[in-house]
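The chain contents come next:
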Amino acid sequence: MTLQEKLESNQFVVCGEIAPPQSCDGNLIRDRSRHFKGHVDALNITDNQRAIVRLSSISSAKILLDEGIEPIIQMTCRDRNRLAIQSDLLGAAALGIRNVLCLTGDHQTFGDQPEAKGVFDLDSIQLIAAVATMNSGFLLSGFEMKKPPEFLIGAAANPFAEPFEMRLIRLHKKIAAGARFIQTQAVFDLGVFARWMERVVEMGLHEKAAILPGVMPVRSAKRLLWMREKLPGMRIPAEYFNRMSQARNPEEEGITMAVEMIRALKNMRGVRGIHIMPSLWESVTPTIVKEAGLHVAH
Amino acid sequence: MLLPNGQSSIRDASAKSRITPLLKHLVTLNRRPITVRERMLSHVLLFFEDVIKVPLFRCQRCGECILSSTAFICSQNCPKRLRNGPCGGTGEGGSCEVFPDRKCVWYRIYFRSRLLHRVSLLYKINSIHNWNLEKTSAWVNLFRGRIQGATLFLRNDTQRVKDIIADDAARKA
């Protein structure tokens, strides 16, 4: 069963996420993805996340396909203009990739090559609409394709960035443009997320797109601090810090907190799955999936 | 069709290309070619446009003005030049992720829209920018039907927002 079929049949889905290496080592992707196999329905592959050059998302996705894992490629607007985006997407479709997550992309000044020119020819909402247009059989030039791609379009949402209402407007636009699943920024602040989710349900958006909140298991208090300072749009409550820094075994505490978070999210109205983002801690995925009682159908 | 450099576009030559209604709203196409005369007119008008728009709105001269739907704050001052709302990096208190000392442009747009009762305009998906229109007069482009006109007066904003959301819900059913 593909991710699309699972979403259409209203199954609770689990997604994972890996970052490709900063080298051409394809085996590293195979090693990292092994922790996810059989535990997640689909695996995100980041596209030069935080504006740092990495192995391409589409090539990594091909490696995952060969390994028997369903990939979700991320497509950002920072590095490509509309020509490159369409051509890369056609290439991805030809390789058998079916899922694409449309993002604007982190600004280039956050990366290791801040001197670069950011493209931003499209923004994420226009990208979603562009992929939807391609699905309908047309390129942005109006050229009718003989064989249109069939992408399942995903988008991201950050319920924690301000202004709160504008986030809902943007989500509305993304879903109107054609997004069918939404992966959110990692949830640490359950209160804010619950408030956001309530509004999403009120607007009826949860029926048109599957909302998959992000969960990020964290290894140490140091890592948590780094995330708060370096990742834009992260919101981590003080309570979380205290628990983590006082824990005797931070790794175990990190797992416990992630599992608690998943259980709370699972019971929330409108939540249709979980997106696990174990950045650089892939090996923890099976434990979390098992302890949280998430069942993955095959 | 004439491109700015006077060559004809390949789009006309291809019999297979068709501008679907979906595309028409998504991309600001080169339709109505930019003629040489129009460029000259654009130069003249741009002087007057700049006199007004640059000091008032810090206009970036994108040639495809959406000021009226962004509560009269130029969205093109965003480092990513986003036309459809803020990216996910807006910090606490609405700071820009790239220049933390600045306020996020879209943060300002949202609150100004609320103040002016123009929130319903934020629900519109703005089309993909045509870079050939960069540094041309938006007034000429509007007159030539390339870009949509401004919405100066708007009534019943709250009701409009409700209608947009309800409309969408109905479409699904």
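How each quantity is defined
- Residues numbered from 1 in each chain as written.
- Chains lettered and ligands numbered in written order.
- Predicted model: local features only at pLDDT ≥ 70, side-chain atom pairs only at ≥ 80, totals over all residues.
- Helix = DSSP H or I, 4+ residues; strand = E, 2+ residues; numbered from the N terminus.
- Buried ≥ 20, exposed ≤ 12 C-beta atoms within 10 Å, placed from the backbone.
- Contact = placed C-beta atoms within 7 Å.
- Rg over C-alpha atoms; globule rule 2.2 N^0.38 Å.
- Nonpolar A, V, L, I, M, F, W, Y, C, P; charged D, E, K, R; others polar.
- Pairing = 2+ DSSP bridges.
- Right-handed = clockwise from strand over helix to strand, strands pointing away.
- Core = buried A, V, L, I, M, F, W, Y, C linked by C-beta atoms within 7 Å.
- pLDDT = per-residue confidence, 0-100.
- Axes fitted to C-alpha atoms, helices over the stretch in contact; angles between N-to-C directions.
- Parallel < 35°, antiparallel > 145°, perpendicular 65-115°, else oblique.
- Left-handed = near helix turned anticlockwise from the far one by under 90°.
- Expected span 1.5 Å × (residues − 1).
- Arc of directions from axis to C-beta.

Asker: Would you mind going over the overall build of chain B with me for this structure?
Answerer: Looking only at helices and strands, one finds six helices and zero strands in chain B. Along the chain direction, N to C, the helices and strands of chain B fall in the order α-α-α-α-α-α. Relative to its full complement of 173 residues, chain B shows a buried share of 34%. Partitioning the intrachain contacts of chain B with sequence separation of at least 6 by distance along the chain shows that 64% fall at a separation of at least 24.

Asker: Would you explain the overall build of chain A in this entry?
Answerer: When its secondary structure is counted, chain A shows 11 helices and eight strands. A compact globule built from 298 residues should have a C-alpha radius of gyration of about 19 Å, and chain A, at 18 Å, falls within 12% of that. Looking at chain A residue by residue over its 298 residues, the buried ones come to 51%. Considering only intrachain contacts with a sequence separation of at least 6, the fraction spanning at least 24 residues in chain A is 79%.

Asker: Please clarify how the interface of chain A and chain B should be interpreted in this entry.
Answerer: Taken together, the contact between chain A and chain B spans 39 residues of the former and 39 residues of the latter. Looking at side-chain class alone, the side of chain A that touches chain B contains 16 nonpolar, 14 polar and nine charged residues.

Asker: Could you clarify how one ought to interpret the pairing of strand 7 (residues 210-215) of chain A in this entry?
Answerer: Where a strand is regular, its side chains alternate between the two sheet faces. Residue and element names in this part refer to chain A. Burial analysis of strand 7 places six of its six residues in the buried class, the great majority of the element. Going residue by residue along strand 7, you find Ala210, Leu212 and Gly214 tucked away on one face and Ile211, Pro213 and Val215 tucked away on the opposite face as well. Across four bridges, the pairing between strand 6 (residues 181-186) and strand 7 is parallel. Within the sheet, the bridge partner assigned to Ile182 lies in strand 7 and is Ile211. For the segment spanning strand 6, helix 7 (residues 190-202) and strand 7, crossover handedness is right-handed. With two bridges connecting them, strand 7 and strand 8 (residues 273-276) associate as parallel partners. Looking at strand 8, one finds that Val215 is bridged to Ile276.

Asker: How should the nonpolar core be read in this particular structure?
Answerer: Buried together is how nonpolar side chains tend to be arranged in soluble globular proteins. A:Leu43, A:Cys102, A:Ile128 and A:Val131 are the most contacted members of the largest nonpolar core, which has 90 residues in total. Considering each element in turn, this core owes the most residues, seven residues, to helix 5 (residues 124-135) of chain A. In contact with A:Ile128, not counting residues within four places along its chain, are A:Cys102, A:Ile153, A:Ala155, A:Lys174, A:Ala177, A:Gly178 and A:Ala179. Counting 16 residues, the second largest nonpolar core, distinct from the first, contains A:Met166, B:Cys96, B:Val105 and B:Tyr107.

Asker: I'm lost on the confidence of the model for chain B in this one. Help?
Answerer: Do not read the predicted coordinates in detail wherever pLDDT is low. Looking at chain B, the pLDDT average stands at 85 and 88% of residues meet or exceed 70. For this predicted complex, the interface confidence reaches an ipTM of 0.91, while the overall pTM sits at 0.93.

Asker: Can you help me understand the confidence of the model for chain A in this one?
Answerer: Per-residue confidence for chain A gives a mean pLDDT of 93, with 99% of residues at or over 70. Taken element by element, the predicted model of chain A shows its lowest mean pLDDT in helix 8 (residues 221-230) of chain A (85) and its highest in helix 4 (residues 82-94) of chain A (97).

Asker: Before we go on, may I ask you to explain the environment of A:Leu294 in this structure?
Answerer: Residues and elements named next belong to chain A. Tracing the sequence through the fold places Leu294 in the segment after helix 11 (285-291). On the basis of neighbour count, Leu294 is assigned to the buried category, with 21 C-beta atoms found within 10 Å. For the pair Leu294 and Phe12, spaced 282 residues apart in sequence, the C-alpha separation works out to 8.4 Å. Sequence-distant contacts of Leu294, defined by excluding residues within four places in its chain, comprise Val14, Ile262, Ile274 and Val289.

Asker: Sorry, what's going on with unusual backbone geometry here?
Answerer: Comment: phi is negative for the bulk of residues other than glycine, and the bulk of peptide bonds are trans. Residue and element names in this part refer to chain A. Note that the residue after Glu162, namely Pro163, is joined by a cis bond; omega there is -10°. For Asn10, which is not glycine, the phi dihedral falls at a positive 65°. Structurally, the position occupied by Asn10 is in the loop between helix 1 (3-8) and strand 1 (13-18). For Asn10, a count of 9 C-beta atoms within 10 Å gives the class exposed.

Asker: How should I be thinking about the packing of helix 4 of chain A against helix 5 of chain A in this particular structure?
Answerer: Two quantities define a packed helix pair, namely the angle between the helix axes and the distance between the axes. Residues and elements named next belong to chain A. Across the interface, helix 4 lies against helix 5 with an axial gap of 11 Å and an inter-helix angle of 50°. Comparing their axes, helix 5 and helix 4 come out oblique. Regarding helix 4 and helix 5, the two cross each other, and that crossing is right-handed. Residue-level inspection shows Ile85, Gln86 and Leu89 of helix 4 in contact with helix 5, the latter providing Leu127, Ala130, Val131 and Met134. Looking at side-chain class alone, the contact of helix 4 with helix 5 contains six nonpolar, one polar and no charged residues.

Asker: So what exactly am I meant to see when it comes to the sheet that holds strand 3 (residues 71-76) of chain A here?
Answerer: Backbone hydrogen bonds hold the strands of a sheet together, and the pairing may be parallel or antiparallel. All names here are of chain A. One closed barrel accounts for eight strands, arranged 1-2-3-4-5-6-7-8; its pairing is parallel. The average undirected angle you get between the axes of adjacent strands in this sheet is 25°. Two elements, strand 1 and strand 8, share three bridges in a ladder whose sense is parallel. When the bridges of strand 8 are listed, Val13 appears paired with Gly273. Where helix 10 (residues 250-266) meets the sheet, it contacts strand 7 and strand 8, and its direction lies at approximately 160° from that of strand 7.

Asker: Which parts of the structure should I look at to understand helix 7 of chain A?
Answerer: Each α-helix winds once per 3.6 residues, and so residues spaced three or four apart point in a common direction. Residues and elements named next belong to chain A. For helix 7, which comprises 13 residues, the first-to-last C-alpha distance of 18 Å matches the rise-based estimate of 18 Å (1.5 Å per residue) to within 8%. Looking at the buried positions of helix 7, the neighbouring elements they touch are helix 6 (164-177) and strand 7. One or two steps after helix 7, the chain reaches Gly204, where phi turns positive at roughly 75°.

Asker: Can you walk me through helix 3 (residues 57-67) of chain A in this structure?
Answerer: All names here are of chain A. Turning to helix 3, its buried residues are Ser57, Ile58, Ser60, Ala61 and Leu64. Projected down its long axis, helix 3 carries its buried residues within an arc of 155°, all on one side. Taken together, the buried residues of helix 3 touch helix 2 (26-34), strand 2 (42-45), strand 3 and helix 4.

Asker: Mind showing me how you'd approach the environment of A:Pro213 here?
Answerer: Residues and elements named next belong to chain A. Examined against the element boundaries, Pro213 turns out to sit in strand 7. For Pro213, a count of 28 C-beta atoms within 10 Å translates into the label buried. Beyond its immediate sequence surroundings of up to four residues, Pro213 is in contact with Thr184, Val187, Phe193, Leu265, Val271, Ile274 and His275.

Asker: Is there a simple way to explain the environment of A:Ala247 in this structure?
Answerer: By secondary structure assignment, the location of A:Ala247 is in the loop between helix 9 (238-246) and helix 10. As for A:Ala247 and A:Ser220, which are separated by 27 residues in sequence, their C-alpha atoms are 9.3 Å apart.

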